[in-house]
Amino acid sequence: MTEVSSGTRIVRRGASPAPTHVSADICVIGSGAAGMSAALEGARAGRRVVLVDSLPALGGQAVNSIIGTFCGLFANGTHGYQFTHGVADDILRDLGAQEHALHYRHGPHTTVVYYDEVALGRWVEKAMVEAGVTVIVGAVMRHVRVEGRRVKSLDVSTRYGDVEIEANGFVDASGDAALVWQAGFACREPADGPVYGTQMLIVENIDESKVPSREELPARMREKAGDYGLVRREGLSFVIPGRGVAAMNMTHVETPLEPIAATMKGLEGKEQADRAFAFLRNEFPDCFGKARVRAYGFPGIRQTRWIVGRQQLAVDDVRAGTKFPDAIARTAWPIELHDHGSGHHWHVFDQDHVHYVPFGSLTPAEADNIVAAGRCIDADNAALSSVRVMGPCMAMGAAAAHALDLAGSGSVHQIDIDALKRRLHDNLERTD
């Protein structure tokens, strides 16, 4: 019933409002590095794609947790070749054309690319619109319908109403294996305590000529941490020259998968960030004395829950550089395991080292039409810490989309692996 009066109308919610129905070939859960790559590659393959994210804005942690760095994109050495192409090429080209949106830091170990998170966020939004991807943000999964080994549809809730999404194939790029978990398939969690996340902090109005060195900052943190109540005893700053802005990675925060605990740990992370900022202003006044906080990112999560795949990537394979017959991505990023509060394990590889991600670690053993991508693939703690950075995550997203395209209405466990690898050639073999 609707009553109209004085240019407005009075409406009442019905007893059982019908959800909005969306149908697609591929549904991607999560819009971070892996999810954005999967959505765009799927659309470019001619598939109808719907992209769902629980945050109110696209970009996942890359944008909303303000990570600030593209890691794992390049081979080791001061000017190593690029490992991952496709969407990565587009981002580097388009952000590189904008003033102060990208900065390449070469060496001494590898090339890391600093980026402006605002520019990246707008790039993702525009790219999805241009590709014709249907986007649903602020959407929380409520129910997943499973028939046998296939997910048929899922229900999500938004502040504007419920949505039912039906698709032929699904990419779980949620980071927490949210789709696989909600579907009732087997998952893994760390058994020996948490892997710590980070509360990123963006400070502005710094003096770029006085930025402490990468050796000086952690050395001072180890010396003075107790005076400021700092949990983490080593940290990093990422400065894009010309902007007077630094992204600070100086905290360690537990990231539990329980709603009340997660909220409280998020607040604790901001308190840690405030203490870190006080440390910066007092200990490095020439650089940070006139600085102010511009933004706190959403809590940055490294590892929480992941799938049980047909194959688990092991740290011994990472160290050995095993090139699997079903390899779909590569990187040389160090083992970077944040499993203790004050610091982290950091194991670097030599200049010629490359390690690979097998397709079997992306495919849940119990499901035929789901491919995981990003930090929820099947790997042991240390191995996952070396492949969950943005370079290989983009490559995994591309692999997930192409695998579902090849599978059609069949099983991702039975696709032609050689055909998949031909599509992913640049991400596996290109060295220019």
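Because the structure is a prediction, the values reported are computed rather than measured.

Quick word on the side chain of T111
By the element assignment, T111 lies in strand β7 (residues 111–115). A residue is classified by how much of its surface remains accessible, and T111, at 1% relative accessible area, is buried. Separated by 3.3 Å, the side chain of T111 and the backbone oxygen of T78 make a polar contact.

Describing the pattern of salt bridges
The final tally for this structure, using the stated rule, is 26 salt bridges. Here K323 makes a salt bridge to E429, at a shortest N to O gap of 2.8 Å. Here K323, found in the loop between α9 (315–320) and β18 (327–331), pairs with E429, found in the segment after α13 (425–428); they are 106 residues apart in sequence, far enough to count as distant. Taking the relative accessible area as the measure of exposure, K323 reaches 43% and is therefore partly exposed. For E429, a relative accessible area of 38% corresponds to the partly exposed category.

As for the sheet that holds β7
Taking strand neighbours across the sheet as the criterion, the three strands line up as β5-β7-β6 in an open arrangement whose pairing is antiparallel. Each edge of the sheet is formed by a strand with only one pairing partner; in this case those strands are β5 (69–70) and β6 (102–106). In this sheet, β7 lies alongside β6 in antiparallel orientation, the contact comprising five bridges. Its bridge partner being in β7, H106 is matched across the sheet by T111. Against the sheet, helix α3 (residues 87–96) engages β5, β6 and β7, with an angle of about 115° to β6.

Points about the packing of aromatic side chains
Summed over all chains, the structure comprises seven aromatic pairs. Arranged with centres 6.0 Å apart and planes meeting at 80°, the rings of F279 and F284 form a pair that is edge-to-face. The residues F279 and F284 share a single accessibility class, namely buried. What links up through ring pairs into an aromatic cluster is the set Y228, F279 and F284. Its end group placed over the ring of W181, R305 keeps NZ or CZ at 3.8 Å from the ring centre.

A short note on unusual backbone geometry
For the peptide bond that leads from G107 to P108, omega is 5°, which places it in the cis range. Mapped onto the fold, P108 is located in the loop between β6 and β7. Even without glycine at this site, N205 takes up a positive phi of about 65°. By the secondary structure assignment, N205 is in the loop between β13 (201–204) and α6 (216–228). According to the relative accessible area criterion, N205 is partly exposed, its value standing at 40%.

Brief notes about the nonpolar core
By size, the foremost hydrophobic cluster in this structure holds 105 residues, and its most contacted members are F70, L154, I165 and I328. The element contributing the most residues to this core is helix α11 (residues 390–407), with 12 residues. If near-sequence neighbours (up to four positions away) are discounted, I165 is found in contact with V22, C27, V50, V52, I136, K152, S153, L154 and V156. Formed by 21 residues, the second largest nonpolar core is a distinct cluster that contains I206, A246, A276 and F288.

Some details on the environment of N369
On the secondary structure map, N369 appears in the loop between β21 (355–358) and β22 (370–372). Sequence separation between N369 and R149 is 220 residues; the distance between their C-alpha atoms is 7.7 Å. Every residue in contact with N369, bar those within four places of it in the chain, is listed here: R149, R150, V151, N168, G169, F170 and L404. Polar side-chain contacts of N369 include one of 3.1 Å to the backbone oxygen of N168.

Concerning helix α7 (residues 259–283)
Its 25 residues place the ends of α7 36 Å apart at the C-alpha level, agreeing with the 36 Å of an ideal helix rising 1.5 Å per residue. Residues of α7 that are buried include every one of G266, G269, Q272, A273, A276, F277, F279, L280 and E283, and no others. Taken together, the buried residues of α7 touch β13, α6, β15 (245–249), α8 (285–288) and β16 (292–296). Sitting at the head of α7, E258 places a side-chain oxygen 3.3 Å from the backbone nitrogen of I260.

Structural notes on the packing of helix α1 (residues 33–44) against helix α4 (residues 117–131)
Where α1 contacts α4, the axes come no closer than 10 Å and their chain directions differ by 25°. Put simply, α1 runs roughly parallel to α4. The way α1 lies across α4 gives a crossing that is left-handed. On the side of α1, the interface is formed by M36, A39, L40 and A43, while α4 contributes W123, V124, A127, M128 and A131. The residue inventory of the contact of α1 with α4, partitioned by class, reads nine nonpolar, no polar and no charged.

Parameters at a glance
Residues numbered from 1 in each chain as written. Predicted model: local features only at pLDDT ≥ 70, side-chain atom pairs only at ≥ 80, totals over all residues. Heavy atoms only, no water. Helix = DSSP H or I, 4+ residues; strand = E, 2+ residues; numbered from the N terminus. Buried < 20%, exposed > 50% of the residue type's maximum accessible area, 1.4 Å probe, protein only. Polar contact = N/O pair within 3.5 Å; in protein donor to acceptor, adjacent residues only side chain to side chain. Salt bridge = Lys/Arg side-chain N within 4 Å of Asp/Glu carboxyl O. Pairing = 2+ DSSP bridges. Contact = heavy atoms within 4.5 Å. Axes fitted to C-alpha atoms, helices over the stretch in contact; angles between N-to-C directions. Phe/Tyr/Trp six-rings, centres within 6.5 Å; stacked < 30°, edge-to-face > 60°. Lys NZ or Arg CZ within 6 Å of the ring centre and 35° of its normal. Core = buried A, V, L, I, M, F, W, Y, C linked by side-chain atoms within 4.5 Å. Expected span 1.5 Å × (residues − 1). Parallel < 35°, antiparallel > 145°, perpendicular 65-115°, else oblique. Left-handed = near helix turned anticlockwise from the far one by under 90°. Nonpolar A, V, L, I, M, F, W, Y, C, P; charged D, E, K, R; others polar.

Don't take any of this as a statement about function, it's just geometry.
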